[in-house]
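Single-letter residue listing:
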Amino acid sequence: MRADQAGVRSVLWAVVMTALLVSTASAADRFVSPAGSDASNDCLASSNPCRTIGYAATQAASGDVVKIVGGNGLYRENLRIDVSTQLAFQGGYDATFTEPPDPAAHPTVIDGRHRERVWTLYAGAGQSMDVTIDGFTLRRGLPRSNLSQMFCCIGKGGGLAAFAEDGGTIQLTVRRTTVTASQSDDSAGGILVLGNGFGGGDGGTVTATLDRVTVTRNKAPYFAGVGIQSIGGTTTASHVTVSIVNSVIAGNHVEYDGGGVGVSAYYTGSTSDVSVLNSTITGNRSLGRVPEYVEAVGGGGISVASNDSPLTVNLTNVILWGNRAPTGTGRDLHLQMFGPAVPTVNADHLDLGDTALVSGTVNDLGGNVDVDPGLARDFRLLAGSPLIDAGTCGGAPPSDFEGDPRPSGAGCDIGADEFVP
């Protein structure tokens, strides 16, 4: 290596290391408790926490972790992040912040009070954010505002919305969180993940992971539980990638399609890539009728629709059974194309019930069944369930939605729960 090259690399390495050290040094913990106070508080002392999550977010610098007490009161807030940042929000702490967070023992509830969506992430032109939300219950969201700055009526998201447009990017991780009792007058009563370019700007990019998430009792005209959409773009298309792992999506209610999960991609160049792994999608309902539509729509469990853009949904070890929709509209799965792009579903070791394949492709990768899964009311597998040891361990997460090891028997089970004898 030439001496001048070595010198340049040494300088670059020093710059990189300095940047990393500065970033690490600047990261801090911020503390929030119902017993705290926001007055003249930077939220840096666990002995003197702030009162509200929203105020703590305004005090936090990029790289900080906001730690929040649960169990002794709820937070009546409507949160919004619309700046470039990297933040982690961790619920489930006890009042002293001395024990590891435990959302089950110390539930941290954020109540939107039906005034606005509970939590909004918005990335517009030049904005980039990386946000982790871990250990919360988000409830009673009701959007009053539009998300898009370019067009009035693109998506809502009642509980949580991750929305990027005009070149904005979002990296979102949601863990151990319940989204419930929220609604929308547009798409996605529970969770919305959307990259938008409709209205004259560039598209947006959103990458989201939903890990051990429960989405239940949400309502919307379409895509009631989880809505995943990519739409257009003038020069740059939208790209949305979503992974749903060890999650339960149940008891959501939609007017026409996508009671549990709705996936769509519209206009040239946009893509929606979705993978659902070891999850349970059951008990969702679609009314399956819209007056202005000639064709029936449905998909009580999952609805997949494409227009001019490709769309792929990979389902592995998923219970997609026991949802409701009118006859012929796909109680559990509805697949349809409204343009030249073909939507594709890859089915690998599913418990897959009623399907309406209007147009598109479903690839049977093997191990699929259509049986009553034998679920308890808490979505655990009952002893004797035909789904025990019926899944594939290839790519399966090492533990289930409540932390039990996978596999716990001769093989991996289908669904979010791994049966432990």
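Residues numbered from 1 in each chain as written. Predicted model: local features only at pLDDT ≥ 70, side-chain atom pairs only at ≥ 80, totals over all residues. Heavy atoms only, no water.

Visitor: Would you mind showing me how to read the overall build of the protein here?
Guide: Scanning the protein from terminus to terminus reveals two helices and 29 strands. The C-alpha extent of the protein, read off along each of the three principal axes, is 60 × 55 × 50 Å. Across the 421 residues that make up the protein, the buried fraction comes to 52%. The contacts in the protein between residues at least 6 apart in sequence include a share of 72% that link residues at least 24 apart. For the protein, the exposed surface amounts to about 16600 Å²; the carbon and sulfur share of it is 53%. Taking the average place of the 26 positive charges on the side chains of the protein and the average place of its 41 negative ones, the gap between the two points comes to 8 Å. (Helix = DSSP H or I, 4+ residues; strand = E, 2+ residues; numbered from the N terminus. Buried < 20%, exposed > 50% of the residue type's maximum accessible area, 1.4 Å probe, protein only. Contact = heavy atoms within 4.5 Å. Areas by Shrake-Rupley, 256 points an atom, 1.4 Å probe, with all protein chains shown as cover. Lys, Arg positive; Asp, Glu negative; His and termini not counted. Charge placed at Lys NZ, Arg CZ, Asp CG, Glu CD.)

Visitor: Looking at this structure, I do not really get the side chain of T282. What am I missing?
Guide: Here T282 shows up in strand β20 (residues 280-282). A polar side-chain atom of T282 sits 2.7 Å from the main-chain carbonyl oxygen of W321. Setting aside anything within four residues of it in sequence, one finds T282 in contact with I249, A250, G251, W321, G322, N323, L375 and F379. (Polar contact = N/O pair within 3.5 Å; in protein donor to acceptor, adjacent residues only side chain to side chain.)

Visitor: Sorry if this is basic, but what is going on with the sheet that holds strand β25 (residues 333-337) here?
Guide: Picture the strands of a sheet paired through backbone hydrogen bonds; they go either parallel or antiparallel. Overall, parallel pairing links the nine strands, which are arranged β3-β6-β9-β11-β14-β18-β22-β25-β28 in an open sheet. Of all strands in the sheet, those bounded by a partner on one side alone are β3 (79-81) and β28 (355-357). Within this sheet the neighbouring strands show an average axis-to-axis angle of 5°, counted without direction. One ladder, built from five bridges, connects strand β22 (residues 302-306) with β25; its direction is parallel. (Pairing = 2+ DSSP bridges. Axes fitted to C-alpha atoms, helices over the stretch in contact; angles between N-to-C directions.)

Visitor: I'm lost on unusual backbone geometry in this one. Help?
Guide: Outside of glycine, negative phi angles account for most residues, and trans bonds account for most peptide bonds. The omega angle of the peptide bond from R406 to P407 is 0°, so this bond is cis rather than trans. Along the chain, P407 turns up in the segment after β29 (361-364). Phi is positive for F97, close to 60°, though the residue is something other than glycine. Overall, the relative accessible area of 12% leaves F97 in the buried class. The backbone of R176 sits at a positive phi, close to 45°, despite the residue not being glycine. Examined against the element boundaries, R176 turns out to sit in strand β10 (residues 169-180). Relative accessible area serves as the criterion here: at 30%, R176 is assigned to the partly exposed category.

Visitor: How should I be thinking about the environment of R406 in this particular structure?
Guide: Within the secondary structure layout, R406 lies in the segment after β29. Taking the C-alpha atoms as reference points, R406 and D94, 312 residues apart in sequence, are found 29 Å from one another. Beyond its immediate chain neighbours, meaning those up to four positions away, R406 contacts N246, N278, A396, P397, P398, S399, D400, C412, G415, A416, D417 and E418. At 3.1 Å, the side chain of R406 and the side chain of N246 are in polar contact. Engagement of the side chain of R406 in a polar contact is seen with the backbone oxygen of A416, the distance being 3.2 Å.

Visitor: I would appreciate a short explanation of the nonpolar core in the present structure.
Guide: Most often, soluble globular proteins keep nonpolar side chains buried together rather than apart. Counting 66 residues, the largest nonpolar core has F89 and W119 as the members making the most contacts within it. The dominant element in this core, judged by the number of residues it contributes, is strand β12 (residues 205-216), at five residues. Once residues lying within four places of it in the same chain are set aside, the contact partners of W119 are L79, I81, F89, I110, I133, L138, G159, L160 and A161. Counting residues in hydrophobic clusters, the runner-up holds eight residues, among them Y122, A161, F163 and L194. (Core = buried A, V, L, I, M, F, W, Y, C linked by side-chain atoms within 4.5 Å.)

Visitor: Even after reading the chapter, I still don't get the packing of aromatic side chains, so can you show me in this structure?
Guide: Two descriptors summarise a pair of aromatic rings, namely the distance from one centre to the other and the angle between the planes of the rings. Considering all chains together, one arrives at seven aromatic pairs under this definition. Both rings, one in F31 and one in F97, keep their centres 4.9 Å apart while their planes meet at 75°; by these two values the pair is edge-to-face. Of this pair, F31 sits in strand β1 (residues 29-32) while F97 sits in the loop between β4 (85-93) and β5 (109-111), and the two are 66 residues apart along the sequence. No difference in accessibility class separates F31 from F97, as the two residues are buried. When the ring of Y122 is compared with that of F163, the centres are 6.0 Å apart and the planes differ by 15°; the resulting orientation is stacked. Note that Y122 is positioned in strand β6 (residues 119-123) and F163 in strand β9 (residues 160-165), a separation of 41 residues in sequence. (Phe/Tyr/Trp six-rings, centres within 6.5 Å; stacked < 30°, edge-to-face > 60°.)

Visitor: What is the right way to read the pattern of salt bridges from this model?
Guide: Where charged atoms from two side chains of opposite charge approach closely, those side chains can pair. Summed over all chains, the structure comprises 14 salt bridges. Among the ionic pairs, D378 bridges to R380, the shortest N-O distance being 2.1 Å. Because the salt bridges share partners, they merge into one network encompassing D111, R139 and R140. (Salt bridge = Lys/Arg side-chain N within 4 Å of Asp/Glu carboxyl O.)

Visitor: How should the pairing of strand β15 (residues 239-245) be read in this particular structure?
Guide: The side chains of a regular strand alternate between the sheet's two faces. Both β12 and β15 contribute to a ladder of seven bridges, which runs parallel. Bridged to D211 within β15 is V245. As paired strands, β15 and strand β19 (residues 271-277) are joined by seven bridges and run parallel to one another. Among the inter-strand pairings, H239 is bridged to a residue of β19, identified as T271.

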